[in-house]
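# Notes for the structure review
Residue strings, one per chain:
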Amino acid sequence: MRMQLRKTGLLQTVILGTMLASTALSATPLRELVKPQQQYFGAALETRHLQDKQFSETLAREFNQLTPENEMKWSYLQPERGQFTFDKADQLVEFAQNNHMTVRGHALIWHIQNPDWLENGDFSKQEMLKIMEEHITTVVSHYKGKVKYWDVVNEALDDNGGFRPTLWYQALGEDYIAKAFEFAHKADPDAILVYNDYSTEGKSPKANAAYRLVKKLKQQGVPIHGIGTQAHLVVGVQPRVADIAANIERIKELGLEFHFTEVDMRIQGEATDRALQQQANMYQELARLSAYYDNVNFLTTWGITDKYSWIPSWFKGYDHGLMFDKQYQPKPAYLAVNKVFTDKAQGKFDWEPPAPLADAGRRFEAFISNQAKRPMPLDGDAAKWTNAVFYPFAYNQLGGKDLTLPAESDISGRFALLYDNNTLYGRVERRDDKTVITNQAQVWENDSVEVFLGFGEEFAQIRALVGEEFAPTAFQADIENYWSEDGTVLEFSITPKETSTLSGTTLGFNIALADNDAGPDAGRHAQLYPVPGTNNGWQGHDFGEVFFTAQNTEISDKLKGQVVSFKAEPVEGLDANTAFDASLWANAYHYPFAFNQLNPADQTPPSQDIISGSWRVAYSGNTLYGVVHRHDSKTVTTGDDWQTDNVEIFIKIGEKFVQFRSIVGQDFQKNTFPGKHIAKWNKDGTIMQFAIELPVDSLKGKTIDWNIALADNDDGESRSSQLYPVPGNNTAYLGEQLTRLDFSQ
């Protein structure tokens, strides 16, 4: 019976494949459908693929645009300085011309696939600029009139929206981007020039950063004509169509084209009927966006057939990302895309983009776990963590309303996460003046590290005393760890048995560093976490989140942790004009400035001897009161105002956003905020009190988006630190990455 069922299933699959092929053969080729619609439907390829007759025939039949997958990148065109080799790229251009196809040049400037002479050359800033100009001028001039579109700069932003520290950025700063466009435009004034990147489809922090980048280039008069988003997507991680539509619309308002440039949608495991239908739905969404918006005139897939796809070699366990399988048979995705453009050609296209998604309530950025790319040994070697983001243990949750940290010599630390497939790796670096692991009766009172993971309604708590293995747990996972002999470094791996991959997922997460200095007859005096809370992680509360990054995936649109918020208590008798009175603030929550957002790769703050601080807020009526305590080894108040030692406060109520800045010793700078506001400093610059009247009748029970930052400049030129109570990439001044302030009843 089982054999018969398998045969029946196989027969059904064969029949389905035959039906799809028959339907596709009767369908109008895509290039013919989009011809009157001013739409490019393209594919990326290498010259060698043209030797496959089925490939070249499918390419010529279905596509009206091609992109060289690799052979216009720097290492191919200029492998030795001044020696250009155009032969393979020329063959692609010739094929395009013979088949009336438009060519998209990819890519003039990228941080990968550069020749050794460029990567390892010791060039001055002036030499690097000259090298860039010579390369772009030579390449674009060679293809003048033959290559209509150019991806001028590719992937200049990192996954958090900051500038990627490429060899170009390190040599020339962010100005290299504008220069690249200027050189390309000078070489071919008729070419259409584009900035291209991944994970920039919707309204994510990186997409917002890309928008700001191209907007700034436009405002500067840089010859840029479009923005490309790659769209290497994962089946099962549905694209947020409303956010993509909103992004397209704001790009359109800048007068720029919007391109889907490297589309594929990889499937994990087998290409089941269900997975193929999900894939078809996702392809259909991008096709609909292309058909609906007149500035979305590119839909280019990164290949034609799974036979030559890059996916299996880059994403272990994934494949089947394109519209044609390895035998060139069309998939449901092809038919879905074809139908969209058929409907448009016949005047039957009536789709409109959906309304934006509701706000998920995320007010505390998820911690980032980048991909390790390979299994990692647990040996304490710090070198293998260069790709990780380090975060501080920021809050002492044992202090009640006082969440500030002990002296760093007493207890302090940082942690980092990486992953490979379904294994989470962690590193904890711990500084402790006294280690206590003798209170075995109450194991949680010892010096230890605890890891908390949240999977929907379930969560896991995993504890390791200093120098010991993780204790047994009911959580179904393979768990290992390593301690250095002196107890300063812990490395661990956690492989959940019910999770096949962590790639692109978002989980509830927390991690704690416990400290007991009094010995076995007393309890802990500190339990440090990276998020504020009440030490209820063991009950599944006070969770943050961790996002496992993967190309073209975004953090979940549903909150996987909890809504982390800061609290303002009602307090009477406060007056920012009078000297600070600690007794009036006894009932207020006390929080540290904990994360240095100027260093996205290591957000731990400098030593407390260099810069440290804390803050408290309270309210009365409609007035927000606050006090900032500041310890700084050197105070700098001259120069550009944002580069000085200062305190910044960011508030958003509804759609109204305001940034307040107070340079040490000075009142808030003038702004357009209508309410009364004042900042007062004591004489030595260690205490700032402030009051801000907000546009509400009463703050009682209200919630606002807000953030606060403490800036430090020690060299007189630029800030070395910008300390916040939350992780991020220093974009609060744009109204982004704000946290939440709740006003107690």
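Because the structure is a prediction, the values reported are computed rather than measured.

Attention shifts here to the side chain of Thr 506. Assignment of secondary structure puts Thr 506 in strand E20 (residues 506–515). Given a relative accessible area of 8%, Thr 506 falls into the buried group. Only 3.1 Å separates the side chain of Thr 506 from the backbone nitrogen of Ser 556, close enough to count as a polar contact. In contact with Thr 506, other than residues within four places in its own chain, are Arg 362, Glu 545, Val 546, Phe 547, Ile 555, Ser 556 and Lys 560.

Our focus in this paragraph is the confidence of the model for the protein. Per-residue confidence for the protein gives a mean pLDDT of 91, with 95% of residues at or over 70. Note on residues 1–16: pLDDT is under 50 here. Beyond four places in sequence and across chains, it has 1 contact.

The topology assignment puts Lys 216 in helix H10 (residues 205–219). As a C-alpha pair, Lys 216 and Ser 369 span 153 residues in sequence and 30 Å in three-dimensional space.

Moving on, we come to unusual backbone geometry. Of note, the amide linkage connecting His 106 to Ala 107 takes the cis form, showing an omega dihedral of -5 degrees. Assignment of secondary structure puts Ala 107 in strand E3 (residues 102–109). A positive phi angle is found at Ser 199, which is not glycine, with a value near 55 degrees. By relative accessible area, Ser 199 is classed as buried at 8%.

A few words on the packing of aromatic side chains. Summed over all chains, the structure comprises 44 aromatic pairs. Aromatic side chains Phe 41 and Phe 341 sit 6.3 Å apart centroid to centroid with 80 degrees between the ring planes, which places their arrangement in the edge-to-face category. Pair noted here: Phe 41 is in strand E1 (residues 40–45) and Phe 341 is in helix H14 (residues 332–345), with a separation of 300 residues, a long-range link. An aromatic cluster of at least three residues, connected via ring pairs, comprises Phe 364, Phe 367, Tyr 391, Phe 393, Phe 415, Phe 509 and Phe 595. Positioned over the ring face of Tyr 211 is Arg 250, at 4.5 Å from the centre of the ring. Arg 266 extends its terminal NZ or CZ atom over the ring of Tyr 318, reaching a point 5.5 Å from the ring centre.

Definitions and cut-offs
Residues numbered from 1 in each chain as written. Predicted model: local features only at pLDDT ≥ 70, side-chain atom pairs only at ≥ 80, totals over all residues. Heavy atoms only, no water. Helix = DSSP H or I, 4+ residues; strand = E, 2+ residues; numbered from the N terminus. Buried < 20%, exposed > 50% of the residue type's maximum accessible area, 1.4 Å probe, protein only. Polar contact = N/O pair within 3.5 Å; in protein donor to acceptor, adjacent residues only side chain to side chain. Contact = heavy atoms within 4.5 Å. pLDDT = per-residue confidence, 0-100. Phe/Tyr/Trp six-rings, centres within 6.5 Å; stacked < 30°, edge-to-face > 60°. Lys NZ or Arg CZ within 6 Å of the ring centre and 35° of its normal.

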